[in-house]
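# Notes for the structure review
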Amino acid sequence: MELVPGTYRIGAFRSSDPAAPNDGFAPYTWYGGGYVIGLGADVVVTGSVSGVDIAVLPSVKVVGRVVGRDGVGVPNAEVMLTQTVGGVQFPFDGAKTDSAGRFALRHVAMTVTLSTQSNGRTGPAWTSVDLDLRGDRSDLELVVDRGNIVTGVLRDTAGRPLANTDFGVHEIVQPQNYSCIACHTRSDAAGRFVLTLPNATLRFRNWPSTPTIAELYSKEYVIRGDATMEVVLGPR
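In this report, the structure presented in the accompanying data block is examined.

### Let's talk about the pattern of salt bridges
If charged atoms from side chains of opposite charge come close, those side chains can pair. Within the structure shown, the criterion is met by 14 salt bridges. Among the ionic pairs, Asp132 bridges to Arg134, the shortest N-O distance being 2.9 Å. Here Asp132 falls in the partly exposed class, since its relative accessible area comes to 41%. Judged by relative accessible area, Arg134 falls into the exposed class, the value being 72%. The shortest N-O distance in the salt bridge between Asp166 and Arg186 comes to 3.0 Å.

Quick look at the structure:
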């Protein structure tokens, strides 16, 4: 590699494609005491430089569940791995929990913070735990004051299931100024869905992926406790 004289940070990035062969190493690197290239140590180039070693870190699995205090899995909760360096929090890998509250991440073997946030019944629900990752972890459980788990079927005004449709909360009518966390999802091939929602009166809408798909909206729904319901979307 030819570089003009100056100060550089050197790192190496491997393929993070899930389909790429897994040889046990992470796609990120550790160089000069810093995580990935953005935090790497400076290298001053004034001439030929040799001996710049880049250690590739082992890859580990981070697997677990987000549950309410009653042990029920929390769907669609946001899960994130972060590390704080010099007072700045750097986000790494993230995911959303499935319908049973399960999550799975792959990361490098290092010290990180695992956190989650979702909707509680009356406000945000969140917690975090510090992890010293030295190998795979499959025993993790994050407990939060969960919101209302709402399952059901998404339908159009003719009663037909809306399959594989991105939709979510369009408006919180009451309480006003409530910030809804991850209040969106995608229905499956039969129009089924699951969401974690606060105590609220709200409306839903779809999120068209192309201009040819019509925007659809729902009437007001009152959410108070776990429920199974049919959400109907139609023209405004």
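### Side note on the sheet that holds strand β13 (residues 166-174)
With antiparallel pairing, the four strands of this open sheet are ordered in space as β14-β13-β16-β17. Of all strands in the sheet, those bounded by a partner on one side alone are β14 (184-186) and β17 (221-223). On average, adjacent strands in this sheet sit at an angle of 35° to one another, irrespective of strand direction. Bridge analysis of β13 against β14 gives three bridges, and the strand direction is antiparallel. By the bridge assignment, Asp166 is partnered in β14 with Arg186.

The rules behind each value
Residues numbered from 1 in each chain as written. Predicted model: local features only at pLDDT ≥ 70, side-chain atom pairs only at ≥ 80, totals over all residues. Heavy atoms only, no water. Salt bridge = Lys/Arg side-chain N within 4 Å of Asp/Glu carboxyl O. Buried < 20%, exposed > 50% of the residue type's maximum accessible area, 1.4 Å probe, protein only. Pairing = 2+ DSSP bridges. Helix = DSSP H or I, 4+ residues; strand = E, 2+ residues; numbered from the N terminus. Axes fitted to C-alpha atoms, helices over the stretch in contact; angles between N-to-C directions.

Interpretation in functional terms is not warranted from these geometric data alone.
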